[in-house]
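Read off the chains here:
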Amino acid sequence: YQTRTVSLDPAALNELAASIQAVGVLQPIVVRPVAGGRYQVIAGERRCEAARMLHHQTIPAVVRPVSNQQAMEMTIVENLQRLDLTCMEEARGYDRLSREFGLTQEQMAQRTGKDRSSISNFLRLLKLPAELLTLVESAQLSFGHAKALMTLDSPEAMLRLAHRAVQLSMSVRQLESAASQLMHPTPAVAKPERILDPNVREAEQQLQRSLGLRVQIQDKRGKGKIVLEYTSLEDFDRVLEMLGASK
């Protein structure tokens, strides 16, 4: 029932062992008695391992004669209070407390000291599409990104925006803005109709036919500019060649 999905980090264990060597074990581990006069660790696996590395014969411990179910629940709760869990590990920990021990979100909040709304968001995380969860698990998207995507209506919209966020390296704030725009698109503002002199419009059309591009002439009392819009490098090179400006 260990919430962490990775093994103990040797470097972190060495640091903890050095601290215990200097000042001792400041917080007792929690154990329960089992058959054969032995004890099973419920909370404090890292402290126990670090003390074992130092060849300590004893370690401060609180003995709790609890049932299997109580021990499992305590193990998960103790791990959920850690700061080094990934968001997916934390979400799965709350999910197990809900499914296997029947705890409500309010009860989980009381046991872990976490905010109930935060626990609710972690549980909602597990309902996202599997492909999106893979992006979160691989750290391509953060928990903040995932929360922004939760506001969308459909899994398809979530995945499209998630892949766009990864490709563009969007920040959480940028993704929130993009999701909000999808949910509440800004109404398109109708552009005022261009009023052109018939001669200017005719010249515009002739240039478009000659160049094979969209052309816009912006004329104001005989002064202005001609805008050529190209959609590919081939179009660009072709226009340069026609204008005699190619290399």
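Everything discussed here concerns the structure shown above.
Residues numbered from 1 in each chain as written. Predicted model: local features only at pLDDT ≥ 70, side-chain atom pairs only at ≥ 80, totals over all residues. Heavy atoms only, no water.

Quick one: what's the story with the side chain of Q216, residue by residue and with numbers?
Along the chain, the position of Q216 falls in strand β4 (residues 214-220). With relative accessibility at 18%, the residue Q216 sits in the buried group. A polar atom in the side chain of Q216 sits 2.9 Å from the side chain of Q218. (Helix = DSSP H or I, 4+ residues; strand = E, 2+ residues; numbered from the N terminus. Buried < 20%, exposed > 50% of the residue type's maximum accessible area, 1.4 Å probe, protein only. Polar contact = N/O pair within 3.5 Å; in protein donor to acceptor, adjacent residues only side chain to side chain.)

Can you lay out the sheet that holds strand β1 (residues 29-34) for me, pointing to particular residues and giving the numbers?
With respect to topology, three strands assemble into an open sheet ordered β2-β1-β3, the strand pairing being mixed. The strands lining the two open edges of the sheet, one partner per strand, are β2 (38-43) and β3 (61-63). Ignoring strand direction, the axes of neighbouring strands in this sheet form an average angle of 40°. Pairing between β1 and β3: three bridges, direction parallel. When the bridges of β3 are listed, I29 appears paired with A61. Set on the sheet, helix α2 (residues 45-53) makes contact with β1 and β2; between it and β2 the angle comes to about 125°. The sheet strands contacting helix α3 (residues 68-80) are β1 and β2, and the helix crosses β2 at an angle near 40°. (Pairing = 2+ DSSP bridges. Axes fitted to C-alpha atoms, helices over the stretch in contact; angles between N-to-C directions. Contact = heavy atoms within 4.5 Å.)

Quick rundown of the nonpolar core? Include the residues and the values.
Judged by nonpolar contacts, the single largest core of 39 residues is most densely connected at L97, L125, L128, L132, L141 and L149. Those residues in contact with L132, other than ones at most four positions away along the chain, are L141, L149, M158, L159 and A162. (Core = buried A, V, L, I, M, F, W, Y, C linked by side-chain atoms within 4.5 Å.)

Requested: an account of a nonpolar patch on the surface, with residues and values cited.
There is a patch of nonpolar side chains on the surface, built from Y230, L233 and F236 and spanning about 320 Å² of accessible area. Along the chain, Y230 turns up in the loop between β5 (223-229) and α12 (233-242). On the basis of relative accessibility, which here comes to 45%, the residue Y230 falls in the partly exposed class. (Patch = residues over 30% accessible without salt bridge, like charges linked within 9 Å, V, L, I, M, F, W, Y side chains within 5 Å. Areas by Shrake-Rupley, 256 points an atom, 1.4 Å probe, with all protein chains shown as cover. Salt bridge = Lys/Arg side-chain N within 4 Å of Asp/Glu carboxyl O.)

So, the side chain of E73: which residues are in play, and what are the values?
Note that E73 resides in helix α3. Since its relative accessible area comes to 15%, E73 is described here as buried. In this view, E73 contacts L97, F101, L103 and R111; residues no more than four positions away in its chain are not counted.

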